[in-house]
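Observations on the three-dimensional arrangement
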Amino acid sequence: MIPYGKQQISIEDIDRVITVLKSPWLTQGPNVSQFEKAISTYVNCQYGVAVNSATSALHIACLALGVQAGDTVWTSPNTFVASANCARYCGANVDFIDIDINTGNICLRSLEKQLIIAEKEQRLPKVIIPVHFAGQSCDMSTLWKLSKEYNFKIIEDASHALGGEYLNKKVGCCQFSDITVFSFHPVKMITTGEGGMALTNSECLYNKLKLFGNHGITKDPQMMKKTVEEPWYYEQQCLGYNYRLADINAALGLSQLKYLDEWVNARNSIAQQYIKAFKGKVEMLEETKCSLSSFHLFVIKVPVDKRLAIFKGLKKAGIGAQVHYIPVYNQPDFTDDYNPCPNVELYYKQCISIPIYPSLDNETQTFIINKVLELIN
Ligand SMILES: *Cc1c(COP(=O)(O)O)cnc(C)c1O
């Protein structure tokens, strides 16, 4: 089966991990801080906190911004469940903003309408979590302006978008957000096995992210509330979690990072081949002018009544298609009355993700293109 996405591991990656396995530090060694520095330098952001998944990073991001019971967090319904669950872990309510059907990202006009209503009803969100769907950034400068007007914080769920750009800056620089989160799950842009990172330009948020990801414990004398002479003293200052990334995983991430630009380019070439072959024949997501997508996913939109047959036809031909995503609020665990999102409902009935990953060769891609065209007619 040709998968919809897959990782690529080099001999150098393997050697780097083996070096850690032979070292005294399997966890909390030098690779974790090097990895944090390398990613934050790459995206040009001040601080990075590496954790064991993007889900954990989203959770500590919510905690660092003070999300708690009684608060509301808004996100996109066209995402993985973790983008919404992070707020629920904190006891907050979630609601959803409909998408722009052309990009799959939240629609800023819908958002503004919802903000106007929520302001009247005094239920404005504390945090909004935009998701850069498929690797293409949301309209962050507009969102940032709205955040100042309506007084909410922004966590970018950039799990798809490492290596992508918005207004000629790397996604993750946090120019228009408080915190950005990346995922290093194997299907994402680079991998640590499991892993994630939260980035910020605020020293205060950075300190909170560090604490919440490490049991709420600090060993830094400058940060401590008590003055204690004992050299072994450490201090728990809040209820945190063990979300630490192991050095083994960080070493893999560090090694993978050197391929990132090459992989983003490869994904963009593959995407351009699809776009050329499908133009006028198959509907695709729109590329916006202000962003460079990292093309984590390549989504086609097919007639609603043909989607299941096309999906099955692809599988039968050995093409591992996927669907991104079932609207989150349709999951049985989501039981509240949510804001209706007609665009995401329609989008969900049309979408199929077809294979895209850096090592997808020309011949395989031609086979996929021909199969899609055959099935759609
Ligand atoms: C993959 C993904 C996550 C979760 O990432 P993990 O590292 O697996 O926890 C969150 N949000 C989005 C949009 C994702 O695609």
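Notes on the structure follow.

Cut-off values and rules
- Residues numbered from 1 in each chain as written.
- Predicted model: local features only at pLDDT ≥ 70, side-chain atom pairs only at ≥ 80, totals over all residues.
- Heavy atoms only, no water.
- Pairing = 2+ DSSP bridges.
- Helix = DSSP H or I, 4+ residues; strand = E, 2+ residues; numbered from the N terminus.
- Contact = heavy atoms within 4.5 Å.
- Axes fitted to C-alpha atoms, helices over the stretch in contact; angles between N-to-C directions.
- Buried < 20%, exposed > 50% of the residue type's maximum accessible area, 1.4 Å probe, protein only.
- Core = buried A, V, L, I, M, F, W, Y, C linked by side-chain atoms within 4.5 Å.
- Left-handed = near helix turned anticlockwise from the far one by under 90°.
- Nonpolar A, V, L, I, M, F, W, Y, C, P; charged D, E, K, R; others polar.

Before going further, it helps to spend a moment on the sheet that holds strand β14 (residues 298-301). Strand order across the open sheet formed by three strands is β12-β14-β15, with antiparallel pairing between neighbours. One side of each edge strand has no neighbouring strand; the edge strands of this open sheet are β12 (283-284) and β15 (351-354). Packed onto the sheet, helix α9 (residues 260-278) meets β12, β14 and β15 and runs at close to 15 degrees relative to β14.

Summarising the element assignment, Q256 is placed in helix α8 (residues 247-257). Q256 sits in the buried class, given a relative accessible area of 1%. Leaving out residues up to four positions away in the same chain, Q256 has contacts with Q8, I9, D13, I190, T191 and W263.

Formed by 77 residues in total, the largest nonpolar core has its most connected members in F278, F298, I300 and I354. In contact with I300, not counting residues within four places along its chain, are F278, V282, E283, M284, Q350, C351, I352, I354 and V372. One finds V32, F35, L162 and L257 within the second-largest nonpolar core, a separate group that totals 26 residues.

Moving on, we get to the packing of helix α2 (residues 30-43) against α8. Contact geometry for α2 and α8: axes closest at 8 Å, N-to-C directions at 35 degrees. In terms of crossing hand, the pair formed by α2 and α8 is left-handed. Where α2 approaches α8, its residues P30, N31, V32, Q34, F35, A38, I39 and Y42 are matched on the opposing element by D247, A250, A251, G253, L254 and L257. Taken together, the residues of the contact of α2 with α8 break down into ten nonpolar, three polar and one charged.

We now examine unusual backbone geometry. Omega for the bond connecting H324 with Y325 falls within 30 degrees of zero, at -5 degrees, which places this linkage in the cis form. Relative to the assigned elements, Y325 resides in the loop between α10 (307-316) and α11 (342-350). The residue Q28 is not glycine, and still its phi comes out positive at about 50 degrees. Topologically, Q28 is positioned in the loop between α1 (11-21) and α2. On the accessibility criterion, Q28 (41% relative accessible area) is partly exposed. The phi torsion at F295 lies on the positive side, around 45 degrees, for a residue other than glycine. Mapped onto the fold, F295 is located in the loop between β13 (291-292) and β14.

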